[in-house]
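# Observations on the model geometry
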Amino acid sequence: LITEGIYSHSPGRGRLDLVKQVSHSTHKKLTACLQGQQGTDLDKRSKKLPLTILAQCMVEGAAVLGDDSLLGKMLTLCGETEEKLAQELLVFEFQIERDVVEPLYVLAEVEIPNIQKQRKHLAKLVLDMDSARTRWQQSSKSSSHPSNVQQGGAKSDSLREEMEETANRMEICRDQLSADMYNFMAKEIDYANYFQTLIEVQAEYHKKSLEILQSVLPQIKAHQEAWIEKPSYGKALEEHLAISGREIAFPIEACVTMLLECGMEEEGLFRVAPSASKLKKLKASLDCGVMDVQEYSADPHAIAGALKSYLRELPEPLMTFELYDEWIQASNVQDMDKRLQALLCTCEKLPADNLNNFRYLIKFLAKLTEHQDANKMTPGNIAIVLGPNLLWTHSEGNMTEMMTTMSLQIVGIVEPIIQHADWFFPGGSTERVVKTCSHTHTHTHTHTHTHKSVFSCEIWTHLSLLFLDIEFNLTGSYGSPVHTNHNSNYSSMPSPDMDQSERKQQHDQSRRPLSVATDNMMLEFYKKDG
């Protein structure tokens, strides 16, 4: 009874075990979060950090690519940033280990176990005292017999002294245990402070890391904004024009220039689907700002397909989402003269960049219809296959709805604009373009790679005469694509990721009104409809 009373009434006994369990578990999990090796010096820990290894990899990659490439610049900046983050992480983990991990270890593995040992020792002393008391009581009973008074009295006195000594040791141990337990309970605020320290150190670490990241981000953005070699497909028209310093988008100008030379009499231009591999290659080359004229001059359908793809992949149609309703309303006007006036009014509301490119394209399409006896592309046919790539709505209806309603209205918009191109866009450039160039113009890249464009002086003179009455030369330089090579600093271009490309095409086809196959279907539909 004495043992149970003293042992079970130790203050905080049950809480002690719980605190040990929680402290041990937290120490274990927190240690697992540390990326550096515990117990090693800072230099060794730094070399083993994943961030340090990543930073070293980036710096080595930058050295391979060189600082004259955008990837090289990005790897250099990011490598230096990751190294700074690694140093901050190193300091952070050192503080966590010193101020949180080690104190938790001492609490769970030293302080509480010592109290538990003291508690077990007290239990043993209580048992010893109980045993000594029992022996003394038995001796006292024996010494009370008349024949054992003298001998039993001496033994009883000895056992009593032993019992008192044992009780004294038990009292000392119990007082010590009680003091330790009370101290443990009083120090709970200190133990709780370990976790406050954890959050404070984490906050300071993340604050410094954020400062490092925020300081380097403007540099990264500045390099990217200053780098003019950017893709044009899928990019906003105004962004591409601002970066390249052009008035006409490079894919539009390059494709129009090529088609004027080799595709004006090609039957079914913009209607016949090109080879998928050729189209993909041509789009990739245009994204790089280069095009081998000799290779594609024999395949005008690929050039026309690249032009259609550029228009279709614009984030916003060339004729804009904002004016969609006005275009549709204008197409519903029955009187042709009033419809033309409505279309002109809407056309004049186009943003400057859109208007310039739309005018350039319409002038070309009007020139294309002059060869309709050979190419079979009347203004109506061109409107059928190109109209849905110039204007579409935000909402995505089903294909039947688009073929019957929206496409009919878009044809009613684009066809009269092509037919009356000179009325919509009066005036023309009488300036003949004179280019002083060699038969083959070679642009040398940083790493000795070359891209060749084979526009000859004779071609330029021929095209200048051809455009005498048409305002095509808006940029003043719709010449050789090499002249506007936006990626001259790249030594080579990576092969497109097939999966991403296929997904992008699927996304574009789901978002855009019509595909090439639908163009063909619509052409047959309108032929039957007269």
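Structure first, text after, so check above.
Note that this is a predicted model, so its numbers are computed, not measured.

### Focus: helix H9 (residues 250–262)
- Its 13 residues give H9 an end-to-end C-alpha distance of 18 Å, which sits within 8% of 18 Å, the value for a rise of 1.5 Å per residue.
- Judged by how many residues are buried, H9 sits mostly within the fold: eleven of 13 residues are covered.
- What H9 keeps buried is the set Phe-250, Pro-251, Ile-252, Glu-253, Ala-254, Cys-255, Val-256, Thr-257, Met-258, Leu-259 and Leu-260.

### Topic: the nonpolar core
- Phe-270, Trp-327, Phe-358 and Leu-365 are the most contacted members of the largest nonpolar core, which totals 68 residues.
- Each residue touching Leu-365, except ones within four places of it in the same chain, is listed here: Phe-270, Ile-382, Leu-386 and Ile-418.
- Leu-34, Met-170, Leu-177 and Tyr-191 belong to the second-largest nonpolar core, a separate cluster that totals 31 residues.

### Observations regarding a negative patch on the surface
- Together, Glu-238, Glu-239, Glu-316 and Glu-322 make up a negatively charged patch on the protein surface.
- By secondary structure assignment, the location of Glu-238 is in helix H8 (residues 237–244).
- Judged by its relative accessible area of 46%, Glu-238 is partly exposed.

### Section: the side chain of Thr-320
- Residue placement: Thr-320 occurs in the loop between helix H12 (300–313) and helix H13 (324–331).
- We classify Thr-320 as buried; its relative accessible area is 4%.
- With near-sequence residues (within four places) excluded, Thr-320 lies in contact with Leu-350, Pro-351, Asn-354 and Leu-391.

### Description of the pattern of salt bridges
- In the structure shown here, the tally under the stated rule is 17 salt bridges.
- The closest approach of N and O atoms between Lys-187 and Glu-111, which form a salt bridge, is 3.8 Å. With Lys-187 in the loop between helix H6 (149–186) and helix H7 (188–226) and Glu-111 in helix H5 (residues 70–143), this pair connects stretches of sequence that are 76 residues apart.
- Judged by relative accessible area, which is 25%, Glu-111 ranks as partly exposed.

Rules behind the numbers
Residues numbered from 1 in each chain as written. Predicted model: local features only at pLDDT ≥ 70, side-chain atom pairs only at ≥ 80, totals over all residues. Heavy atoms only, no water. Helix = DSSP H or I, 4+ residues; strand = E, 2+ residues; numbered from the N terminus. Expected span 1.5 Å × (residues − 1). Buried < 20%, exposed > 50% of the residue type's maximum accessible area, 1.4 Å probe, protein only. Core = buried A, V, L, I, M, F, W, Y, C linked by side-chain atoms within 4.5 Å. Contact = heavy atoms within 4.5 Å. Patch = residues over 30% accessible without salt bridge, like charges linked within 9 Å, V, L, I, M, F, W, Y side chains within 5 Å. Areas by Shrake-Rupley, 256 points an atom, 1.4 Å probe, with all protein chains shown as cover. Salt bridge = Lys/Arg side-chain N within 4 Å of Asp/Glu carboxyl O. Lys, Arg positive; Asp, Glu negative; His and termini not counted. Charge placed at Lys NZ, Arg CZ, Asp CG, Glu CD.

The analysis is restricted to geometry; functional conclusions fall outside its scope.
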